[in-house]
Amino acid sequence: AQRVTQPEKLLSVFKGAPVELKCNYSYSGSPELFWYVQYSRQRLQLLLRHISRESIKGFTADLNKGETSFHLKKPFAQEEDSAMYYCALSRRGGKLIFGQGTELSVKP
Amino acid sequence: DGGITQSPKYLFRKEGQNVTLSCEQNLNHDAMYWYRQDPGQGLRLIYYSQIVNDFQKGDIAEGYSVSREKKESFPLTVTSAQKNPTAFYLCASRKTASPNTGELFFGEGSRLTVL
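Residues numbered from 1 in each chain as written. Chains lettered and ligands numbered in written order. Predicted model: local features only at pLDDT ≥ 70, side-chain atom pairs only at ≥ 80, totals over all residues. Heavy atoms only, no water.

Some remarks on the overall build of chain B
In terms of helices and strands, chain B carries zero helices and eleven strands. Computed over C-alpha atoms, the radius of gyration of chain B comes to 13 Å, within 12% of the 13 Å expected from 2.2 N^0.38 for 115 residues, which places it in the range of a compact globule. In terms of principal-axis extent, the alpha carbons of chain B reach across some 40 × 30 × 30 Å. Burial status across chain B gives 49% buried among its 115 residues. Within chain B, contacts between residues at least 6 apart in sequence are counted, and of these 53% link residues at least 24 apart. Within the structure as shown, chain B displays about 5,600 Å² of accessible surface, and the carbon and sulfur contribution to it stands at 47%. Distance from the positive charge centre (13 side chains) to the negative charge centre (12 side chains) of chain B: 4 Å. (Helix = DSSP H or I, 4+ residues; strand = E, 2+ residues; numbered from the N terminus. Rg over C-alpha atoms; globule rule 2.2 N^0.38 Å. Buried < 20%, exposed > 50% of the residue type's maximum accessible area, 1.4 Å probe, protein only. Contact = heavy atoms within 4.5 Å. Areas by Shrake-Rupley, 256 points an atom, 1.4 Å probe, with all protein chains shown as cover. Lys, Arg positive; Asp, Glu negative; His and termini not counted. Charge placed at Lys NZ, Arg CZ, Asp CG, Glu CD.)

Below you can see the structure in the form of structure tokens.
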């Protein structure tokens, strides 16, 4: 079965520390993977997707097909990064499924 | 001002009543989606529609129904058969349902509480 797993419900780091939000997936085909973010009192919005291979707000994510992972990383966390982060997988036929979400809290 | 509009933002319902949540988009997107967001469970797909007059069940479709009579509208009905309807519901749209066609745009959500 296709599945997206985010093992951490809450990740708390201090400002300036590196951060890594984990995402593992199970999918038999070629996955299309995304990270979405929801800041306080804002809509859920796209942060980045693997096909773009770009860095957004200092975040990067590399697709590792061997480990079936798509972890989100940032070398130096900022307080404004505090938000709920969701990893998502686009399946054949148009379905887009999400992980359980990880709440990132960046302390001053 | 383009985007997705969900209404109402808050809705209370008595047990046994059906309720319909509205979702309208003016982005000219073909694909539309309904998700349910519960704490600790992330977003779970209820129904999705790739094109007008067509829709498919998601992972938790039981107790819900949808229609897609117009491109811009994808209303969700929460029926009395839904055993645990109290939740936050999110509507989203995407240019098409095909791979690599861009991001999902979300509405602000509707919070349904069953009394």
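Now that the structure is up, let's keep going.
Focus: the overall build of chain A
Along the backbone of chain A there are zero helices and eleven strands. Its helices and strands in sequence order give chain A the pattern β-β-β-β-β-β-β-β-β-β-β, from N to C terminus. A principal-axis box enclosing the C-alpha atoms of chain A has dimensions of 45 × 30 × 25 Å. A total of 108 residues make up chain A; the buried ones form 47% of that total. Expressed as a percentage of contacts within chain A between residues at least 6 apart in sequence, the contacts between residues at least 24 apart total 58%. Charged side chains of chain A number 16 positive and 10 negative; the gap between the two group centres comes to 7 Å.

Notes on the sheet that holds strand β8 (residues 76–78) of chain B
All names here are of chain B. An order of β1-β3-β8-β7 is seen for the four strands of this open sheet, with the pairing classed as antiparallel. Looking at which strands have only one partner, the edges of the open sheet turn out to be β1 (4–7) and β7 (64–66). Each adjacent strand pair in this sheet contributes to an overall mean axis angle of 20°, direction not counted. Pairing analysis gives three bridges linking β7 to β8, with the strands arranged antiparallel. Of the residues in β8, the one forming a bridge with Y64 is V78. (Pairing = 2+ DSSP bridges. Axes fitted to C-alpha atoms, helices over the stretch in contact; angles between N-to-C directions.)

Let's talk about the environment of A88 of chain A
Residues and elements named next belong to chain A. Tracing the sequence through the fold places A88 in strand β9 (residues 83–90). Relative accessible area serves as the criterion here: at 0%, A88 is assigned to the buried category. For the pair A88 and Y36, spaced 52 residues apart in the sequence, the C-alpha separation amounts to 7.4 Å. Ignoring sequence-local partners within four residues, the contact set of A88 consists of E32, L33, F34, Y36, I97 and F98.

Overview of the state of the cysteines
Residue and element names in this part refer to chain A. The final tally for this structure, using the stated rule, is two disulfides over all chains. Shown here is the disulfide that connects C23 with C87, its sulfur atoms set 2.0 Å apart. Classification of the bridge connecting C23 and C87 rests on its S-S torsion, roughly -65°, and on that basis the disulfide is left-handed. Taken together, the residues span a long stretch of sequence, with C23 in the loop between β3 (19–21) and β4 (24–26) and C87 in strand β9 at a distance of 64 residues. Note on C23: relative accessible area 0%, which makes it buried. (Disulfide = S-S within 2.5 Å.)

What about the pattern of salt bridges?
Residue and element names in this part refer to chain A. Tallied over the entire structure, the rule returns eight salt bridges over all chains. One salt bridge in this structure joins K22 and E20, with 3.1 Å as the shortest N-O distance. Between D81 and K74 there is a salt bridge, and its shortest N-O distance comes to 2.8 Å. This pair shows no difference in class: D81 is buried, exactly as K74 is. One connected set of salt bridges, linked through shared partners, spans E20, K22 and K73. (Salt bridge = Lys/Arg side-chain N within 4 Å of Asp/Glu carboxyl O.)

Considering the packing of aromatic side chains
Taken as a whole and judged by the stated rule, the model has twelve aromatic pairs over all chains. Following the ring pairs from residue to residue traces out a cluster consisting of F34, Y36, Y86 and F98 of chain A together with Y33, Y35, Y48 and F106 of chain B. In this structure, R68 of chain B is placed above the aromatic ring of F74 of chain B, and the distance from its NZ or CZ to the ring centre is 6.0 Å. (Phe/Tyr/Trp six-rings, centres within 6.5 Å; stacked < 30°, edge-to-face > 60°. Lys NZ or Arg CZ within 6 Å of the ring centre and 35° of its normal.)

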